[in-house]
Amino acid sequence: MNKKISALTIENASMNKELFLALLDNEHEVELNFSGIQDMDMSGLQLLISFMKDAEKKQKKVVFTGGLSVNVQRTIELCGLVEHSCEQAASLAQILRAV
């Protein structure tokens, strides 16, 4: 399944949740490319954390790729998940696995 996500925000949380659940049901390995995600708020971050936990329970491999937009970086910093800038999606995946 190849679906582009431009934002992980409260406005599209329900749609993104359905997409993430479908990916976990239908794919053995899921790649989330963050290069097209321009905006993320706290609900998007919570959705990603939930997605990572569900993937772990279902023994699915999740890979984050691409760079993080300034808005996504700002959300991560404001939530206190990092002490310094997090510019790459792979780093975000490591952070979320530890949550």
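Every chain begins its residue count from 1, and numbering advances along the sequence as written. Two thresholds apply to this predicted model, a pLDDT of at least 70 for residue-level local features and 80 or more for giving and counting side-chain atom pairs, whereas whole-chain, interface and lining totals are computed over all residues. Excluding hydrogens and water, the side-chain figures rest on all heavy atoms present in the structure.

Novice: Can you lay out unusual backbone geometry for me, pointing to particular residues and giving the numbers?
Specialist: Positive phi is not limited to glycine here, since glutamine 59 has a value of about 55 degrees. Residue classification places glutamine 59 among the exposed residues on the basis of a relative accessible area of 67%. Classification of residues uses two cut-offs on accessible area relative to the type maximum, computed with a 1.4 Å probe and protein chains only: under 20% is buried, over 50% is exposed, and between them is partly exposed.

Novice: Tell me what's going on with the pattern of salt bridges, and back it up with residues and numbers.
Specialist: The rule for a salt bridge is simple: a side-chain nitrogen of Lys or Arg has to be within 4 Å of a carboxyl oxygen of Asp or Glu. Under the counting rule described, the total for this entry stands at one salt bridge. A salt bridge links lysine 58 to aspartate 25, with the shortest nitrogen-to-oxygen separation between them at 3.0 Å. Highlighted residues: lysine 58 in the loop between helix H2 (42-57) and strand E4 (61-65) and aspartate 25 in helix H1 (residues 13-26), separated in sequence by 33 residues. Secondary structure is summarised from DSSP: a helix means a run of H or I of at least four residues, a strand means a run of E of at least two, and numbering begins at the N terminus for each.

Novice: So what's going on with the packing of H2 against helix H4 (residues 89-97)? Residues and values would help.
Specialist: Axes are the key here: two packed helices are described by the angle between their axes and the distance separating the axes. One way to put it is that H2 packs onto H4 with a least axis distance of 10 Å and a crossing angle of 70 degrees. In this view, H2 runs roughly perpendicular relative to H4, as classed from their interaxial angle. Seen from H2, the contacting residues are Leu45, Leu48, Ile49 and Met52; seen from H4, they are Leu92, Ala93, Leu96 and Arg97. Note that Gly is not counted as nonpolar here; it falls among the polar residues with everything else outside the nonpolar set of Ala, Val, Leu, Ile, Met, Phe, Trp, Tyr, Cys and Pro and the charged set of Asp, Glu, Lys and Arg. Grouping the amino acids of the contact of H2 with H4 by side-chain chemistry returns seven nonpolar, no polar and one charged. For every element, the axis is a line fit to its C-alpha atoms; helices are fit only across the contacting stretch, and the angle between N-to-C directions ranges from 0 to 180 degrees. Convention used here: angles under 35 degrees read as roughly parallel, angles over 145 as roughly antiparallel, angles from 65 to 115 as roughly perpendicular, and any remaining angle as oblique. Should any heavy atoms of two residues lie within 4.5 Å, those residues are considered in contact.

Novice: Describe helix H3 (residues 70-78), naming the residues involved and giving the relevant values.
Specialist: For H3, the set of buried residues is Val72, Gln73, Thr75 and Ile76. All buried residues of H3 lie within an arc of 160 degrees about the axis, which places them on one face of the element. Away from its buried face, by an angle of more than 90 degrees, H3 presents the exposed residues Val70 and Leu78. For H3, the secondary structure elements touched by its buried residues are strand E3 (39-40), H2 and H4. The arc refers to the directions leading from the helix axis to the C-beta atoms.

Novice: Requested: an account of the pairing of strand E2 (residues 29-33), with residues and values cited.
Specialist: Of the two faces of E2, the one holding Val30 and Leu32 is buried and the one holding Glu29, Glu31 and Asn33 is not buried anywhere. Only strands joined by at least two bridges in the DSSP assignment are considered to pair. As judged from the five bridges shared by E2 and E4, these two strands associate in the parallel manner. By the bridge assignment, valine 30 is partnered in E4 with valine 62.

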